Amino acid sequence: MSADQAVEQAERKQDSVARERSRGHVRAAWPIYLAAFAVAAVVAGALAQAFLGGSLASLGIPDPGVVTTVGLPSIRAIAWLLAALATGSFMFSAYLIPPDGPLKTARLTVDGHLAARTGAWASAGLAVIGVLMVPLVLSDVSGTPLSQILFSAEMWGTALDRVADAKIWLLVAAIAAIVAGFGFAAGSWVAQTPLFLGAIAAVMPLGMSGHSATGGNHDYGTNSYLWHLVFMMIWVGGLLALIAHGRRLGPHMQQAVHRYSLIALFAFFAMTISGVINALIRVRFDDLLSTAYGWTVLFKTIGLVVLGLLGFAHRQITIPQLDRKPPLFTRIAVVEALVMAAVTGVAVSMGRTPPPAPLDPAITNMQVQMGYNLEVEPTVANIFTMWRFEVLFSVIAILLAIYYLHLTRRVEGWDRGRTAWWIAGCATIVVTMSSGLGMYMPASFSIHMIVHMILSMGAPVLLVMGAPLTLIKQAYPAGEFNIRAWVEAFEESTFLRVITYPPVSTIQFLVVFYILYVFPSLYEVAVSEHAGHVIMNAVFLVSGYFYFWDLIGPDHIPGRRPTVARFGWFVVSMPLHLFMGVYLMQLNIVLAESFYENLGLPWNPDLLRDQKVGGGIGWASGSFPMAVVFIILLLGWLREDRADARATDRSEDETGDAEWRAYNEMLAQYSQTGRRSEK
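Report follows, based on the coordinates. (Residues numbered from 1 in each chain as written. Predicted model: local features only at pLDDT ≥ 70, side-chain atom pairs only at ≥ 80, totals over all residues. Heavy atoms only, no water.)

**Considerations on the overall build of the protein**
The helix and strand tally for the protein stands at 28 helices and zero strands. With 679 residues in all, the protein has 49% of them scored as buried. Sequence separation of 24 or more characterises 79% of the internal contacts of the protein that already satisfy a separation of 6 or more. For the protein, the exposed area adds up to about 31900 Å²; of that, 66% sits on carbon and sulfur atoms. (Helix = DSSP H or I, 4+ residues; strand = E, 2+ residues; numbered from the N terminus. Buried < 20%, exposed > 50% of the residue type's maximum accessible area, 1.4 Å probe, protein only. Contact = heavy atoms within 4.5 Å. Areas by Shrake-Rupley, 256 points an atom, 1.4 Å probe, with all protein chains shown as cover.)

**Focus: the nonpolar core**
Most often, soluble globular proteins have nonpolar side chains that are buried together. Core analysis: the biggest nonpolar cluster contains 182 residues, and Tyr517 and Phe548 have the highest contact counts within it. Both domain 1 (27–352) and domain 2 (365–655) contribute no fewer than three residues apiece to this core. Val283, Leu288, Val297 and Met350 belong to the second largest nonpolar core, which has five residues in total. (Core = buried A, V, L, I, M, F, W, Y, C linked by side-chain atoms within 4.5 Å. Domains from an automatic or database assignment.)

**Examining a nonpolar patch on the surface**
Taken together, Ile507, Val511, Ile515, Val518, Phe519 and Leu522 make up a surface patch of nonpolar side chains, about 500 Å² in accessible area. Per element, the largest residue contribution to the nonpolar patch is four residues, and it comes from helix α21 (residues 502–518). What makes Phe519 partly exposed here is its relative accessible area of 47%. (Patch = residues over 30% accessible without salt bridge, like charges linked within 9 Å, V, L, I, M, F, W, Y side chains within 5 Å. Salt bridge = Lys/Arg side-chain N within 4 Å of Asp/Glu carboxyl O.)

**With respect to empty space enclosed by the protein**
On inspection of all chains with the given rule, the structure shows six cavities of 30 Å³ or more. A volume near 310 Å³ is recorded for the largest cavity. Surrounding the largest cavity, 24 residues form its lining, Asp219, Tyr372, Pro442, His530 and His533 being those nearest its centre. Elements with a contribution of two residues or more to the lining of the largest cavity: α8 (218–247), α12 (365–370), α16 (436–440), α22 (520–528) and α23 (530–552). (1 Å grid on protein atoms, 1.4 Å probe; cavity = no way out; pocket = protein on both sides within 12 Å on 5 of 7 lines; lining within 4 Å. Points joined across faces, edges and corners; volume = space filled by probe spheres on them.)

**Quick word on the packing of helix α3 (residues 66–96) against helix α7 (residues 192–207)**
For the pair α3 and α7, the least separation of the axes is 8 Å and the interaxial angle reads 160 degrees. Overall, the two elements α3 and α7 adopt an arrangement that is roughly antiparallel. Seen from above, α3 lies across α7 with left-handed handedness. For the pair α3 and α7, the contacting residues are Trp80, Ala83, Ala86, Thr87, Phe90, Met91, Ser93, Ala94 and Tyr95 in the first and Gln192, Thr193, Leu195, Phe196, Ala199, Ile200, Val203 and Leu206 in the second. (Axes fitted to C-alpha atoms, helices over the stretch in contact; angles between N-to-C directions. Parallel < 35°, antiparallel > 145°, perpendicular 65-115°, else oblique. Left-handed = near helix turned anticlockwise from the far one by under 90°.)

**What about the environment of Ile302?**
With respect to the secondary-structure elements, Ile302 resides in helix α10 (residues 292–318). For Ile302 and Val343, which are 41 residues apart along the polypeptide, the C-alpha to C-alpha distance reads 8.8 Å.

**Some points on the environment of Trp295**
On the secondary structure map, Trp295 appears in helix α10. A relative accessible area of 34% places Trp295 in the partly exposed class. Sequence-wise, Trp295 and Met350 are 55 residues apart; in three dimensions their C-alpha atoms are separated by 9.6 Å.

**What about the side chain of Asn537?**
In this fold, Asn537 is placed in helix α23. Sequence-distant contacts of Asn537, defined by excluding residues within four places in its chain, comprise Phe393, Met433, Met441 and Leu455.

**What to know about unusual backbone geometry**
Despite not being glycine, Leu249 shows a phi value in the positive range, around 55 degrees. One can find Leu249 in the loop between α8 and α9 (253–280). Residue class for Leu249 comes out partly exposed when judged on its relative accessible area of 21%. Despite not being glycine, Ala467 shows a phi value in the positive range, around 50 degrees. Of note, Ala467 is situated in the loop between α17 (445–464) and α18 (468–475). For Ala467, a relative accessible area of 0% translates into the label buried.

**Regarding the environment of Thr344**
With respect to the helices and strands, the residue Thr344 is situated in helix α11 (residues 326–350). Classification of Thr344 by relative accessible area gives buried; the value is 4%. The residues contacting Thr344, other than those within four sequence positions of it, are Ala77, Trp80, Leu81 and Met232.

**A short note on the pattern of salt bridges**
Tallying each qualifying case throughout the model produces four salt bridges. For Asp111, the salt bridge goes to Arg248, with nearest N and O atoms at 3.1 Å. With Asp111 in helix α4 (residues 110–142) and Arg248 in the loop between α8 and α9, this residue pair connects regions lying 137 residues apart in the sequence. Classification of Asp111 by relative accessible area gives buried; the value is 7%.

**As for the packing of aromatic side chains**
Tallied over the entire structure, the rule returns 25 aromatic pairs. Ring geometry for Tyr404 and Trp414: centres 6.5 Å apart, planes at 70 degrees, overall edge-to-face. Of this pair, Tyr404 sits in helix α14 (residues 393–408) while Trp414 sits in the loop between α14 and α15 (416–434); the two residues are ten residues apart in sequence, bridging distant segments of the chain. This pair shows no difference in class: Tyr404 is buried, exactly as Trp414 is. Taken together, a centroid distance of 5.8 Å and an interplanar angle of 80 degrees make the contact between Phe495 and Phe546 edge-to-face. You can see Phe495 sitting in helix α20 (residues 494–499) and its partner Phe546 sitting in helix α23, a full 51 residues away along the chain. For Phe495, a relative accessible area of 48% puts it in the partly exposed group. Pairwise contacts between aromatic rings join Tyr95, Trp189, Phe196, Phe481 and Trp486 into one cluster. Positioned over the ring face of Tyr220 is Arg388, at 4.5 Å from the centre of the ring. (Phe/Tyr/Trp six-rings, centres within 6.5 Å; stacked < 30°, edge-to-face > 60°. Lys NZ or Arg CZ within 6 Å of the ring centre and 35° of its normal.)

This is the structure:
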């Protein structure tokens, strides 16, 4: 088919869509959204009414009334769907359909704009519900009717001061409100990725609370729940966005469906595996039919199986016929969305249904704080022989390694050395987080400092040398709306120019180190709260990656400074980083002392001595990255010098040493002028 024929065919398709729209075949998506909200609310409220009454009586909590008993889970279910709708809508406008023009400066198309506006409205709705949940939560935990709390400023103050869930919902409301505000204002493609990440961030506080965040093995429970929650948002929200696009007969439907199909398949397996992990640490097999919590697990499992079958039907029936029978996909997708809403209602009810008795009734304070017990003092031998697989960062590292290896098969002649760097970086993260290092990190300041140095200066050095963005650009074709285009837009973004500007890059790297240890209360939150622990480790990795990426990364960074300038920044900044180790060695106040004492470690460590050892580790451990970076920068400097010399030689060859002859002629003229003046 020639280019003219392709253009003609595309124009005919556009005319066909325009005629269909003019005949009134375009349908709004809001009735589907309302139906999903209603299904989720009814399922969550019904299960709460069926199971919660006996639970309240057994716990000695007064019944707050039907408005709270049924209303709280119902409204929470709607909140989950609003969060999913926001996530899926921003994902749709960012990645499932192309914008109008080059990505760096692209404006959203009409359909992208409608999706983004839907995400903004959904975020605004989540913000309103987040505020409404504050009195509902207090009513629930206190057994006080909602009517007595709703208009009482004193009660609101009590909720925000003493009830952790109320604070969490207010935080959710604040993040969602920010996302909504920017969502209404932004009309560019570049803004959609931050909005997508912001929509996910809005529900992260909820993922850190509930049954999964308490009791033994809560590290497994919380991390697996985070996987479960994120991919539920993406799976459900993406489908709702696709339904809306299909009902308004939007373009690029086939491309969007194929991309979503891959995302949904991964989401299904991620939710299934994480759900199994979460259930195994909470429920015995005989609890499934003997407890309310077990029944909700079974209901949710049945719902996931049905969703898996519907997804299989999409792949086998509707997607192959998408060009010929586009309404078929939308009809099955609507059914799937309603099933998803019902499963969401079941999932919400699990948060209000008391779990069975703990698998280990003799739970220790150490298990409450960390999720597991440590019986012996850490040594060089046992920290590398102990193993407890960490299911957040370790899984991410494994997935990144698999994806990288997959891309290398698409690029002929890819440098194996870069592959070795990347795999070594991913392996370093897995070993650090899943070995005794990761296990002892919350219990020992010195081990914490080892992990800090590895995550901020060891793994990032290895990862940046893998040149992942260069690999992606070589693995995907140019000129298409694909991952390569997204990477190229990122490389040209204002964010990257700012974060890789040497003063900014250096300051963000140093601030992470200084602010954590100069403010004792911040460090205590970081080590004692699971959310703080996760955020802290993520910041270590990301901050270190950006710092070393600018210094030594082979990936293209527009406007990167010459190697000599980068070497100078490195020489200036690294001693400032290592100075914090000296500060910690001289500090005579134990950071997070109450947390460490409450762990009840059986070897009764000297906390101040351990902290000073950690300071020494922080001071001395910079030698490895300094040596590696020094060698890489030196080699880069030599390569640049040789390149300049070769360029000079080529220039001389091309011009026939014209500059040298001109220089000699100038000297000759000076000489002749001098002789004439002497005469």
